[in-house]
Amino acid sequence: LIVAGGEKTFGAAAYELTALEKLLPVVATEQPAEQQKSLALVLVVDKSRSMLEENRLALAKEAAKKVAEVLQERDQVGVLAFGDESEWISRLAPLENKDEVLARIETLRAEGFTNMYPALERAYLSLWQTDADSRHMILLTDGVPTPGDFDEVAARMAAAGITVSTVSLGKGADQSILEQIARIARGTHHHVDNPSDLP
């Protein structure tokens, strides 16, 4: 006797306690409820001195907080800030203490220039090593970054299944680089001339 079938054939409703079940070494079981998907998200925030103009840094901090507030405990979040150097404001980790992450975001202070490439590299490596159903990066900046191979790091992120969305703040931002990063890494790009319109 050869029997072929799938979930509907051998599901509990159609198969359990039937003569066919008695003959076959296949037991009817309920399918477990689909688990909710987990997300790993890194916010990469420009803290260069130009972010003081038009209250950009304060608005970027508010945006980062709003993102953290909508995440669930099963999700992972990290906040990486960059000026001359990049530093973890809050390392990528499960969001067990949301208030602590929000407090750390508030400690962001402006300094230095827009040295963006090392920050993208660090954020990428952190996400690459993280186990989650979805891995995403949000980049917020207002300036023209120092040189770096942005296409190459975006391509590595895309190959690793990491998506990137970019946000440019104010008229001085180099949108072409940000649009390219988002396009390659299968994300979206947003530009706001007025930082209070930050999506």
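What counts and what doesn't
Residues numbered from 1 in each chain as written. Predicted model: local features only at pLDDT ≥ 70, side-chain atom pairs only at ≥ 80, totals over all residues. Heavy atoms only, no water. Buried < 20%, exposed > 50% of the residue type's maximum accessible area, 1.4 Å probe, protein only. Helix = DSSP H or I, 4+ residues; strand = E, 2+ residues; numbered from the N terminus. Contact = heavy atoms within 4.5 Å. Phe/Tyr/Trp six-rings, centres within 6.5 Å; stacked < 30°, edge-to-face > 60°. Lys NZ or Arg CZ within 6 Å of the ring centre and 35° of its normal. Pairing = 2+ DSSP bridges. Right-handed = clockwise from strand over helix to strand, strands pointing away. Patch = residues over 30% accessible without salt bridge, like charges linked within 9 Å, V, L, I, M, F, W, Y side chains within 5 Å. Areas by Shrake-Rupley, 256 points an atom, 1.4 Å probe, with all protein chains shown as cover. Salt bridge = Lys/Arg side-chain N within 4 Å of Asp/Glu carboxyl O. Axes fitted to C-alpha atoms, helices over the stretch in contact; angles between N-to-C directions. Parallel < 35°, antiparallel > 145°, perpendicular 65-115°, else oblique. Left-handed = near helix turned anticlockwise from the far one by under 90°. Nonpolar A, V, L, I, M, F, W, Y, C, P; charged D, E, K, R; others polar.

Among all positions of helix H7 (residues 175-184), only Leu178, Ile181, Ala182 and Ile184 are buried. Contacts from the buried residues of H7 go to helix H5 (116-128), strand E4 (134-141), helix H6 (150-159), strand E5 (162-169) and strand E6 (189-192). Phi turns positive one or two residues past the end of H7, at Arg186, with a value near 55°.

Here the focus is the packing of aromatic side chains. Considering all chains together, one arrives at 1 aromatic pair under this definition. Geometrically, the ring pair formed by Tyr117 and Phe150 is edge-to-face, given 5.8 Å between the ring centres and 70° between the ring planes. Residue Tyr117 is found in helix H5, and its partner Phe150 is found in helix H6; the two are separated by 33 residues along the sequence. Looking at Arg49, its charged tip hangs above the ring of Phe113, at a distance of 5.0 Å from the centre.

Pairing geometry for E5 and E6, over 4 bridges, is parallel. When the sheet's bridge partners are listed, Leu169 is paired in E6 with Val192. Read from E5 through H7 to E6, the crossover connection turns out right-handed.

On to a nonpolar patch on the surface, then. Among the surface-exposed residues, Leu1, Leu20 and Leu23 lie close enough to one another that they form a single nonpolar patch of about 350 Å² accessible area. Within the element layout of this structure, Leu1 appears in the segment before helix H1 (12-15).

We now examine the pattern of salt bridges. What the rule picks out here adds up to 11 salt bridges. Note that Lys65 and Glu62 form a salt bridge whose closest N and O atoms lie 3.5 Å from each other. Taken as a pair, Lys65 and Glu62 lie in helix H3 (residues 56-70) at a separation of 3 residues, close to a single helical turn. Given a relative accessible area of 15%, Lys65 falls into the buried group. The class for Glu62 is partly exposed, based on a relative accessible area of 37%. Residue Glu152 pairs with Arg156 through a salt bridge whose shortest N-O separation is 2.6 Å. Of this pair, Glu152 and Arg156 both sit in helix H6, 4 residues apart, which is roughly one turn of the helix. Among the residues examined, Glu152 registers a relative accessible area of 33% and is labelled partly exposed. A single network of salt bridges, built from pairs that share partners, joins Glu53, Glu54, Arg56 and Asp142.

It is worth spelling out the packing of H5 against H6 at this point. Between H5 and H6, the least distance of the axes is 11 Å, while the angle of their chain directions is 10°. Taken as axis vectors, H5 and H6 run roughly parallel relative to one another. When the axes of H5 and H6 are compared, the crossing they make is left-handed. On H6, the residues touching Met116, Tyr117, Leu120, Glu121 and Tyr124 of H5 are Phe150, Glu152, Val153, Arg156 and Met157. Looking at side-chain class alone, the contact of H5 with H6 contains 7 nonpolar, no polar and 3 charged residues.

Right, let's get into the sheet that holds E4. Pairing is mixed across the open sheet formed by 6 strands, whose spatial order is E3-E2-E1-E4-E5-E6. Either end of the sheet is taken by a strand with one partner, and the two such strands are strand E3 (86-94) and E6. Within the sheet, the average angular offset between the axes of one strand and its neighbour, ignoring direction, is 10°. Sheet strands touched by H3: strand E1 (39-46), E4 and E5. Its angle to E1, the strand with the most contacts, is close to 175°. The strands that H7 touches are E4, E5 and E6; relative to E5, the one it contacts most, it runs at about 160°.

All we've got here are geometric facts, nothing functional implied.
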